Amino acid sequence: MLRSFRLRVGLLLLLPALAGQAQIAPPKQITLDDIWGRNAGTFAPRTVQGVNWMKSGGFYTTLADGRVVKFSITDGRAIDTLFDERTSRPAGQPISIEDYQLSADRYAGAEQKLLLATAEEPIYRRSSRATFYVYELATSQLRLLSRGEKQQYATFSPDGKRVAFVRDNNLFTVDLGTMAEKQLTTDGKQNAIINGGADWVYEEEFSMARAFEWSPDSRRVAFIRFDETLVPEYNIQTWGELYPADYKFKYPKAGEDNSTVSVWVADAVTGQKVKVDTGTDTDIYLPRIQWTQNPNLLSVRRLNRLQTQLDLLHADATTGKSTVVLTETANNVLGGQPSYVDLEFTDDLTYLADGKTFIWTSERSGFKHVYRYDMNGTLLGPITSGNYEILNLLGVDEKSQTAYYLSAEISPVEKHLFRIGLDGRNKQRLSLGKGTYSANFSPDFAYYLLSHTSANSPLTVSLFRAANADLKPVRTLETNENLRRRLNLYQISPKRFFTVPTPSGERLNAWMIRPANFDSTKRHPVLMFVYGGPGSQTVKNEWDSRDYFWYQLLAQKGYVIVSVDNRGTGARGNAFRTVTYGQLGKLETQDQIDAAKYLKTLPYVDPGRVGIWGWSYGGYMTALCMTLGADVFKTGISVSPVTNWRFYDTIYTERYLKRPQDNPGGYDDNSPVTHADKLRGDFLLIHGTGDDNVHFQNSVEFVNALVAAGRPFRSFYYPNRNHGIYGGNTRQHLYQMMTDFIVEKL
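Residues numbered from 1 in each chain as written. Predicted model: local features only at pLDDT ≥ 70, side-chain atom pairs only at ≥ 80, totals over all residues. Heavy atoms only, no water.

**Structural notes on the overall build of the protein chain**
Broken down by element type, the protein chain carries 12 helices and 43 strands. Against the 2.2 N^0.38 benchmark of 27 Å for 746 residues, the protein chain shows a C-alpha radius of gyration of 28 Å, consistent with a compact globule. The principal-axis extents of the C-alpha atoms in the protein chain amount to approximately 100 × 80 × 65 Å. Looking at the protein chain as a whole, 56% of its 746 residues qualify as buried. Contacts spanning at least 24 positions in sequence make up 56% of the contacts within the protein chain whose residues lie at least 6 apart. Between the averaged position of the 84 positive side-chain charges in the protein chain and that of its 80 negative side-chain charges there is a distance of 7 Å. (Helix = DSSP H or I, 4+ residues; strand = E, 2+ residues; numbered from the N terminus. Rg over C-alpha atoms; globule rule 2.2 N^0.38 Å. Buried < 20%, exposed > 50% of the residue type's maximum accessible area, 1.4 Å probe, protein only. Contact = heavy atoms within 4.5 Å. Lys, Arg positive; Asp, Glu negative; His and termini not counted. Charge placed at Lys NZ, Arg CZ, Asp CG, Glu CD.)

**Structural notes on the side chain of Thr155**
By secondary structure assignment, the location of Thr155 is in strand E9 (residues 152-156). Of note is the side chain of Thr155, whose polar atom sits 2.8 Å from the backbone oxygen of Tyr153. Setting aside chain neighbours within four positions, we find Thr155 in contact with Gln101, Leu115, Arg162, Val163, Ala164, Arg210, Phe212 and Trp214. (Polar contact = N/O pair within 3.5 Å; in protein donor to acceptor, adjacent residues only side chain to side chain.)

**Describing the nonpolar core**
Counting residues in hydrophobic clusters, the biggest one holds 92 residues, and the most contacted among them are Tyr202, Leu298, Phe358, Met528, Phe633 and Trp645. Ranked by the residues each element gives to this core, the list is headed by helix H8 (residues 617-627), at seven residues. With sequence-adjacent residues up to four places away left out, Tyr202 is seen in contact with Ser207, Met208, Phe226, Val261, Ile284, Tyr285, Leu286, Pro287 and Ile651. One finds Leu553, Ile561, Trp615 and Phe741 within the second-largest nonpolar core, a separate group that totals 39 residues. (Core = buried A, V, L, I, M, F, W, Y, C linked by side-chain atoms within 4.5 Å.)

**Regarding helix H9 (residues 650-657)**
Judged by how many residues are buried, H9 sits mostly within the fold: eight of eight residues are covered. Taken as a whole, H9 has its buried residues at Thr650, Ile651, Tyr652, Thr653, Glu654, Arg655, Tyr656 and Leu657. Looking at the buried side of H9, the elements it contacts are helix H3 (200-205), strand E20 (284-291), H8 and helix H10 (664-668). The backbone nitrogen of Ile651 has a side-chain oxygen 3.2 Å away, supplied by the residue at the start of H9, namely Asp649. Residue Lys658 follows H9 closely and has a positive phi angle near 60°.

**Brief notes about the sheet that holds strand E38 (residues 524-529)**
Ordered by their spatial adjacency, eight strands build an open sheet running E36-E37-E39-E38-E40-E41-E42-E43, and the pairing between neighbours is mixed. Lying at the two open borders of the sheet, with one neighbouring strand each, are strand E36 (495-501) and strand E43 (714-718). Adjacent strand axes in the sheet meet at a mean angle of 20°, parallel and antiparallel pairs treated alike. By the bridge criterion, seven bridges tie E36 to strand E37 (residues 507-513) in an arrangement that is antiparallel. (Pairing = 2+ DSSP bridges. Axes fitted to C-alpha atoms, helices over the stretch in contact; angles between N-to-C directions.)

**Brief notes about the environment of Glu328**
Within the element layout of this structure, Glu328 appears in strand E23 (residues 322-329). Owing to a relative accessible area of 6%, Glu328 belongs among the buried residues under this scheme. Sequence-wise, Glu328 and Arg364 are 36 residues apart; in three dimensions their C-alpha atoms are separated by 8.0 Å. Beyond its immediate chain neighbours, meaning those up to four positions away, Glu328 contacts Thr308, Gln309, Leu310, Val341, Trp360, Ser362 and Arg364. There is a polar contact of 2.8 Å between the side chain of Glu328 and the side chain of Trp360.

**Details of the packing of aromatic side chains**
Within the structure shown, the criterion is met by 50 aromatic pairs. A ring pair is formed by Tyr234 and Tyr251, whose centres lie 6.4 Å apart and whose planes are at 50°; its orientation type is tilted. Residue Tyr234 is found in strand E16 (residues 233-238), and its partner Tyr251 is found in the loop between strand E17 (245-250) and strand E18 (260-267); the two are separated by 17 residues along the sequence. This pair shows no difference in class: Tyr234 is buried, exactly as Tyr251 is. Look at Tyr404 and Phe441: their rings are 4.4 Å apart centre to centre, the planes differ by 45°, and that puts the pair in the tilted class. Here Phe441 lies in strand E32 (residues 436-441) and Tyr404 lies in strand E29 (residues 402-407), a separation of 37 residues in the sequence. On the basis of relative accessibility, which here comes to 3%, the residue Tyr404 falls in the buried class. A residue is classified by how much of its surface remains accessible, and Phe441, at 10% relative accessible area, is buried. (Phe/Tyr/Trp six-rings, centres within 6.5 Å; stacked < 30°, edge-to-face > 60°.)

Such coordinate-based values are descriptive only and should not be taken to indicate function.
This is how it looks when you write it as C-alpha cells:
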C-alpha cells in the first residue's frame, strides 16, 4: 500500500509538469502577412512621435487622434487639450489635423496660436500642399488661413503675428490681426519660376522643400527664387484611363542646365524686395539661407557647380551687399584627395545669441568636427577633434557654454550622445550602452529625450535632466515591452557584427543573420544585401525596419543573410568616403565581390549559392555585381536601379563624378548597360513606371542592352508606382515575388 501511494503521488506531481511542457508552443514562423500584409503591425515598434517642446518651460505637446495635448515633462500627465478636431469645426464641417505648429510669439507671451494643416497632398519626397487653419488658444477661434488654393510650407513669423506661405509658385504673407493677404511675388509659374519653394533637384538632393526664412524681428522674409525655364522636362506617363496622362516636370540630368537661382529679401509689410549679391557666376547652387542673430544680416551658403568649393556669405538685408566670410574646399582636407565638399557636413551652422560668434562643422581635419568662429570668419578654435566623425551637432546651451552632439567615436557602427564645453574641455559621454542613440532637447536645454535601439533590441525612450551628473532618467516614456514579449514567440536570429578582410587592405564592417537552426557543419546559401552609396551605411548597430523581419523569414528557410559596407560609405572619415570620387561603382563593386569571395571560404557557406540584392544605389550595385562579378554571384535582384549615371540628376551625380563632359569614362566604364553582355546567373529586374527619382528609363535601357546581348533575365514593372514601390498590396506582392525568386534560384 505504501509503495502504491508513493507511486500515485509521484504521478500526480509529474502530470502538471508534463502539462506545462505540452503548453509550450513551438516558435511561430514569420510570414509576409506579419510584415506587409493583414498583420503588418506585428513587429511595429511603438514610438514617441511629434514631441514639440513648449518655450514656456516644463511642458511639451503632441498630436494624436486629432487632438493637440499639452503634457507635463516630468511626470507625463496630460495638462490640457489645446485643440480637438472633434469639437472645433469651421462652419460645422469636420476637419482632420495632419500636422501643427505652435506660434513662438517671441515678443508677446509664448505660444498663443496654432497653425493646423489639413487635407494634405504629397507632391515629392519632402513637399506637400494643404489647407491651413489658425486657431487662437485664448478665444478658441478657428479661422481659415487663406481662401485661395491650397498652400505650401505655411510658417509663423517669430512674433506670431503673420504667416508666410507659397501658392502657385509665389510667396505670400497673411496678417493674422486682419487676415489680410499680401502677395510678395507675382512671376511664379509652373515649370518656370518658383519663389520660396525648392525645385525638384534641390528638394531631393539638398533635403529642402521650403525655401524662405523669417527674419528674427519678423520684418522680412528671405527667399530663394528658382528660374527653371532652361531645365529640360521629364515626362512620366500615368496609366489607368483610356489614354495615359502625361506628367511633366523639370528634371536636370547630369550635364544639363540647372535652375538659375537667386536670393531675395522682401519686406513683409511693404513688399519691397532687395536682391542679395551672390556673385557673377550663375551656374551655382544656393542651397541654404539662414538669418544670423542680427535681423539685418542674412547668411547664404554657395556651392560651385561641381561642389568642390563652398562659401559662407554674410549679406546686408537692407542693401543686398555680401561678404565671403568662410570657404571650404576639398583640397583643404587633411590627408584627403581632391573630391567634393558635402553640404550636409555644414548643416550644423549655429549663430550664438552673443551676436559675435558662430559654430561651424567641417571635415578639414579628415573627419567632421565642430569649430568656433567670430562673425568675420576668423577661427577661434576647434571644439572637438580626433580620428572619428561627429555625426550631428544637436545644439548649444549658451548658458552653460556646452555643445551637445552625436558621434561615431565609440564605433562607426554606433551613434552616441556627448556634451563638451565650447572651449573643447570637459567632454562627457551621455549614452552608456551599446547601439544607436538620438536625442531631442528642450529649447532651454534643461531636459532631453534619449532614444536608444540596437540591432537586437527595439526602441526605448527616456527623459533626462541635462544637469543630472548621474545620468539617471527622470522617467521612461517607452520600452516596447509588448513587442519584446511578442518577439519571444518567434525564432529570431540575432544580427552578428564582424569585419571582412579585402585585398585592398581595408577591413569592411559587416553583419550576418544565420538560420535559427544553424549547423556549422552544413553548407548554407548566402544572400547579400547591398546599398553602398557615398556616405551611406547598412551596417549599424540599430533596430532595423521591416526588411529585418524579411531576412528572418529567409533565415527560417535556411539562408544566411549578410550586408557589407564597402569603401565610399560613411562614418569612417573623408578618405574612406571619397576614395570612390570620379569612379562610382568601381571600388564598391570590387569590395562586394571580394566580400562574396571571402564568405565562400567560410566552412558553413555553400560557395555555389551566393546571391545579392539591392534597391536604388543598391540596385545599381547588384546589376554591376551580376555582370562584373558574374562568376561570383549565382542570383541577383535589382530594384529601381540607376543603370547609367547619365540618366540621373545633376546635384547628386556631378558631386561624385563631375559632369559627363568632364569625365565620360566615369559614367560609362562602370555602367551596367556597358557590361550587359557579361550577365550570368539568374537575374530579376524590378522598377516602378512612375518613379520621379530614378526614372524607369534606367531599366528600359538596361533591358535593351540585355536583349541585344542575348542574355536571359526576368523583369517586372509596377504601374504608376514611384521610387518606393508601395500602395495597397504592392509591397507584399513585391516581397512575395522576391522571396519566390530567391527560393527558386538560390
